[in-house]
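Summary of structural features
Listed here are the chains, written in short residue letters.
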Amino acid sequence: MERTWTNARLATMAGNGLGVIEDGVVAARDGVITYAGPRAGAPVATGESVDCGGRWITPGLIDCHTHLVHAGDRSGEWAMRLAGASYEEIARAGGGIVSTMRATRATSEADLVAIALPRLDALLAEGVTTIEIKSGYGLTVADELKMLRAARSLDDQRRVRVATTLLGAHALPPEYAGRPDDYVALVTEEMIPAANGLADAVDAFCEGIGFSPEQTGRVLAAARQAGLSVKLHAEQLSALHGASLAASFGALSADHLEYADEADAKAMAAAGTVAVLLPGAFYFMRETKLPPVDLFRAHHVPIAIATDCNPGTSPTTSLPLMLNMACILFRLSPEEALAGVTVHAARALGLTDRGIIATGLRADLVCWKIAEPAELAYRIGGDMNCGVVRGGRVAQWPS
Ligand code: NIG
Ligand code: FE
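A short tour of the structure in this document, coming up. (Residues numbered from 1 in each chain as written. Chains lettered and ligands numbered in written order. Predicted model: local features only at pLDDT ≥ 70, side-chain atom pairs only at ≥ 80, totals over all residues. Heavy atoms only, no water.)

For the structure on display, the rule yields 21 salt bridges. For the salt bridge of Arg 74 with Glu 77, the shortest nitrogen-to-oxygen distance reads 2.8 Å. In this structure, Arg 74 and Glu 77 share a single accessibility class: buried. Note that Arg 218 and Glu 214 form a salt bridge whose closest N and O atoms lie 2.7 Å from each other. One end of the pair, Arg 218, and the other, Glu 214, are both in helix H7 (residues 213-225), 4 residues apart, so they sit about a helical turn from each other. Residue Arg 218 is classed as partly exposed on the basis of its relative accessible area, which comes to 31%. Among the charged side chains, a salt-bridge network with shared partners connects Asp 353, Arg 354, Arg 362 and Asp 364. (Salt bridge = Lys/Arg side-chain N within 4 Å of Asp/Glu carboxyl O. Buried < 20%, exposed > 50% of the residue type's maximum accessible area, 1.4 Å probe, protein only. Helix = DSSP H or I, 4+ residues; strand = E, 2+ residues; numbered from the N terminus.)

Structural data, given as structure tokens:
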């Protein structure tokens, strides 16, 4: 199947910056871009041709850090937090991640899929074409695999690329209370081997209320041994140098990073580890410690932005809203924010076939009704009314 989009302003995100091509044309065959450039050099369109009316086209957006698959609701605990209880206090009292774990364990794979679909649809409607989904609310071998299978099956349901991540070391399940090393052994010896084929990467929560750097190191080592990529929740609530640890394992990304320092930034730069910033969690936690964006810039650490969609710290399903928050809260430029959900987000997932608009890459495109690309980060949410092309197929087109 051949399709051509003409009369578009392209923000290809290739090279440094937006990579703008005025009066641009994109052609795709069988889901792959065959031409992206000015009209002057475009081949004659043979298949269906769409006039974009001068609108902007960007690469499909990539949400590279989510906990989209989960059951239950944490709005009651949020109300407690508003009344003064801390995230740590709630976690230590059996709430937090463990409360979502209970709900998720009690929910079938089919029901997890049904509950996750509306969340996925909200993201897709605003231009997401690739999404990462973590497990981490099952915390038994069977329940973690159930979550990964649910995440993988969303792939077929909506013809969207789902990258899956095993987050078995997310929290200590109550049945292992006082025996964290036994639980880490379950993760390294049983969960990681069992997740082979179902997970693209392995992640862990390196934190005082999660796992120590030493325990985290065992998880990441087992992942590498199994041939899986690694990512890490690091430096969210305290400085443990989890980001440096992740980098020492060649991690694709270290995520959150409010408490990261220059040593972490240098280690990440040397390893090519992407800094995934999660402004939704920063906002929802009323965090005041800003991630060291200037250090990441100074050391050329690529910065990605994601929703962190999860019931405890970032209950959002809007990636454009995260662009706004990244600019307002973290002082990213609109261009940096857009790179954070396209070219750098692809890198945070180790995906080399997407993230920019270029010949030979996947035809994942979004056509926006905006005056300038900065408008994508300017609006505080709202209906983006965009056209979305996933793998060359038109999934929606604005009126
Ligand atoms: O990315 N920090 C750990 N994991 C999630 C929160 C999970 C939860 O509270 O349910 C996060 O913020
Ligand atoms: Fe997270």
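To continue, consider the side chain of Glu 287. Structurally, Glu 287 is set in the loop between helix H10 (279-284) and helix H11 (293-298). The buried charged residue Glu 287 lacks any salt bridge partner; its closest oppositely charged side chain belongs to Lys 289, at an N-O distance of 7.7 Å. Of note is the side chain of Glu 287, whose polar atom sits 3.3 Å from the side chain of Tyr 259. What Glu 287 contacts, discounting residues up to four positions off in sequence, is Gln 236, Glu 258, Tyr 259 and Phe 282. (Lys, Arg positive; Asp, Glu negative; His and termini not counted. Polar contact = N/O pair within 3.5 Å; in protein donor to acceptor, adjacent residues only side chain to side chain. Contact = heavy atoms within 4.5 Å.)

On to the site of ligand 1. Around ligand 1, 15 residues are found, and the nearest of them are Arg 74, Tyr 87, Tyr 137, Gln 236 and Thr 313. Between ligand 1 and Gln 236, the relevant distance is 2.8 Å, taken from a nitrogen atom to a side-chain nitrogen or oxygen of the residue. In isolation ligand 1 offers 330 Å² of accessible surface; the protein chains occlude 100% of this area. Within the shell around ligand 1, the residues separate by chemical class into 4 nonpolar, 9 polar and 2 charged. (Near = heavy atom within 4 Å. Areas by Shrake-Rupley, 256 points an atom, 1.4 Å probe, with all protein chains shown as cover. Nonpolar A, V, L, I, M, F, W, Y, C, P; charged D, E, K, R; others polar.)

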